[in-house]
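A structural walkthrough
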There are 2 protein chains.
Amino acid sequence: MMKVVIIGHGNVASHLATAFDRSRNIEMLQVNSRQLENVPNADVTIIAVSDDAISNVSNQLKNRKGLIVHTSGTVAMDVIHQQQKGVFYPLQSFTKGAVIDFSKVPFCLEATNNEDLETLEIVAKSIGEKSYQITSDQRKKLHLAAVFVNNFTNHMYQIGQDICDEHQVPFEILHPLIEETAKKITAISPKEAQTGPAKRNDTQTIESHLENLNLQQQKIYRIITKSIQEN
Amino acid sequence: MMKVVIIGHGNVASHLATAFDRSRNIEMLQVNSRQLENVPNADVTIIAVSDDAISNVSNQLKNRKGLIVHTSGTVAMDVIHQQQKGVFYPLQSFTKGAVIDFSKVPFCLEATNNEDLETLEIVAKSIGEKSYQITSDQRKKLHLAAVFVNNFTNHMYQIGQDICDEHQVPFEILHPLIEETAKKITAISPKEAQTGPAKRNDTQTIESHLENLNLQQQKIYRIITKSIQEN
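Residues numbered from 1 in each chain as written. Chains lettered and ligands numbered in written order. Predicted model: local features only at pLDDT ≥ 70, side-chain atom pairs only at ≥ 80, totals over all residues. Heavy atoms only, no water.

**A closer look at a positive patch on the surface**
Together, Lys 104 and Lys 183 of chain A together with Lys 104 and Lys 183 of chain B line one region of the surface with positive charge. Turning to its location among the elements, Lys 183 of chain A is positioned in helix H5 (residues 175–184). Classification of Lys 183 of chain A by relative accessible area gives partly exposed; the value is 40%. (Patch = residues over 30% accessible without salt bridge, like charges linked within 9 Å, V, L, I, M, F, W, Y side chains within 5 Å. Areas by Shrake-Rupley, 256 points an atom, 1.4 Å probe, with all protein chains shown as cover. Salt bridge = Lys/Arg side-chain N within 4 Å of Asp/Glu carboxyl O. Lys, Arg positive; Asp, Glu negative; His and termini not counted. Charge placed at Lys NZ, Arg CZ, Asp CG, Glu CD. Helix = DSSP H or I, 4+ residues; strand = E, 2+ residues; numbered from the N terminus. Buried < 20%, exposed > 50% of the residue type's maximum accessible area, 1.4 Å probe, protein only.)

Written as structure tokens, this is what we have:
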């Protein structure tokens, strides 16, 4: 059985701990980053603390043996000082309280050698299904792409809700369309899936839409319309 | 049993015809818009043709009896010349070939009186579950909101894929995050769901992201970041 220690008590640490607790292949201990003395040995030590604190926690672990990894989407692997290091990054949006189904969460893994990578794959497979070998540089780009498909998409939802609220239209009418839009691109590429007035070059509809938006919304509408048309 | 005639052979017409065909409460006939003579009487005649053609088809139907409705998200109800008129707008993205589960599609209904509205509700309930009474003006605003949550969101997905492709990262890693982002706002509002560097005012990450984007992407990144921060 694989021995895993999780350091941290934030969202990622808690969700991982709950999942490992349920796995039969993992013996897991979760510790606070202020109690790093006398932590029992482990095959893998997962530093699941805020990005800024990873280096400091790694420092405190000094000559700890076994594989030491962090869970960040943006921090390079080399921030960990120990020689046997890696990254164990579950790419998902973790909300406090919400249950995470790890079977759907992709794990982005990085290590300095194949043996350590295989260890991380075993740990990932014990709670999830899909894992990918991703370099520190690719992980940064993935995080940037995630800003567009998660944070910016969510802001498109917010503008949609603002428009609905202003005209007493229930936003829930748009929920099925939102889910369908998200599902569609698992079957065809976003480029193929694109529809709407920008794609059709429907100038009349675009002008009529702009008349019904505030200044900030107009700017966003114009620049995304232009980007769709130039693609 | 309610008698329904569908005029048109496009995506919306075909999807509706397939659904009505399966319903036990509807007797349905689908006709081409070039064969409008001798169409049998019906309780509801659904003009499911392109926006520009609705007025013309309505003209050709002249003194046809029963309720005449169109299915457009943008065209006003008054484009129909008959006195007994309405709108039967299924708010969903219809892709040719793809099967539509109407049980999840909201129907936006409009009529000139309560009796006709109830008739449209019966027709909508025969193939779907949710229907809403929406005025022509509200429908226009809903369509505008849909451009943001569907077309513009899809473009965010495309930029995400462009970034992944450029760095040989499989875009499918982001699929679960995309689905989670879409699902989350059915439980909490987009405003509450917002996370990321813009929301956190994380200037360092924002600067580093901008360095990794092309000019068009930078413009979009900047303006959406600003809009998130001002919200």
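Having seen the structure, we can now continue with the description.
**Overview of the pattern of salt bridges**
Residue and element names in this part refer to chain A. Applying the stated criterion across every chain, the model contains 12 salt bridges over all chains. A salt bridge links Glu 230 to Lys 226, with the nearest nitrogen and oxygen atoms 3.5 Å apart. A residue is classified by how much of its surface remains accessible, and Glu 230, at 53% relative accessible area, is exposed. Given a relative accessible area of 39%, Lys 226 falls into the partly exposed group.

**Some words on the relation of the copies chain B and chain A**
Two copies of a chain can be linked by a rotation about an axis combined with a shift along that same axis. Aligned on chain A, chain B shows an RMSD of 0.0 Å; the corresponding rotation is 180 degrees and the shift along the axis is 0.0 Å. Here the transformation between the copies is reduced to the relation of a two-fold axis. Scanning chain B for the C-alpha nearest the rotation axis identifies Thr 153 of chain B, at a separation of 2.6 Å. Of the interface residues in chain B, 100% have counterparts in chain A that sit at the interface too, so the contact is made through matching surfaces. (Least-squares fit on C-alpha atoms with pLDDT ≥ 70 in both. Contact = heavy atoms within 4.5 Å.)

**As for the sheet that holds strand E2 (residues 26–31) of chain A**
Within a beta sheet, neighbouring strands are joined by backbone hydrogen bonds and run either parallel or antiparallel to one another. All names here are of chain A. The sheet built from seven strands is open, its strands ordered E2-E1-E3-E4-E5-E6-E7 with mixed pairing. Each edge of the sheet is formed by a strand with only one pairing partner; in this case those strands are E2 and strand E7 (131–133). Strand-to-strand twist of the sheet, defined as the mean angle between neighbouring strand axes without regard to direction, takes the value 25 degrees. Here strand E1 (residues 2–7) runs beside strand E3 (residues 44–47); their pairing, made up of four bridges, is parallel. Opposite Ile 7, over in E3, you have Ile 47 as the bridge partner. In the packing of helix H3 (residues 114–127) onto the sheet, the strands contacted are E1, E2, E3, strand E4 (67–70), strand E5 (85–90), strand E6 (107–111) and E7, and the crossing angle to E6 comes to about 160 degrees. (Pairing = 2+ DSSP bridges. Axes fitted to C-alpha atoms, helices over the stretch in contact; angles between N-to-C directions.)

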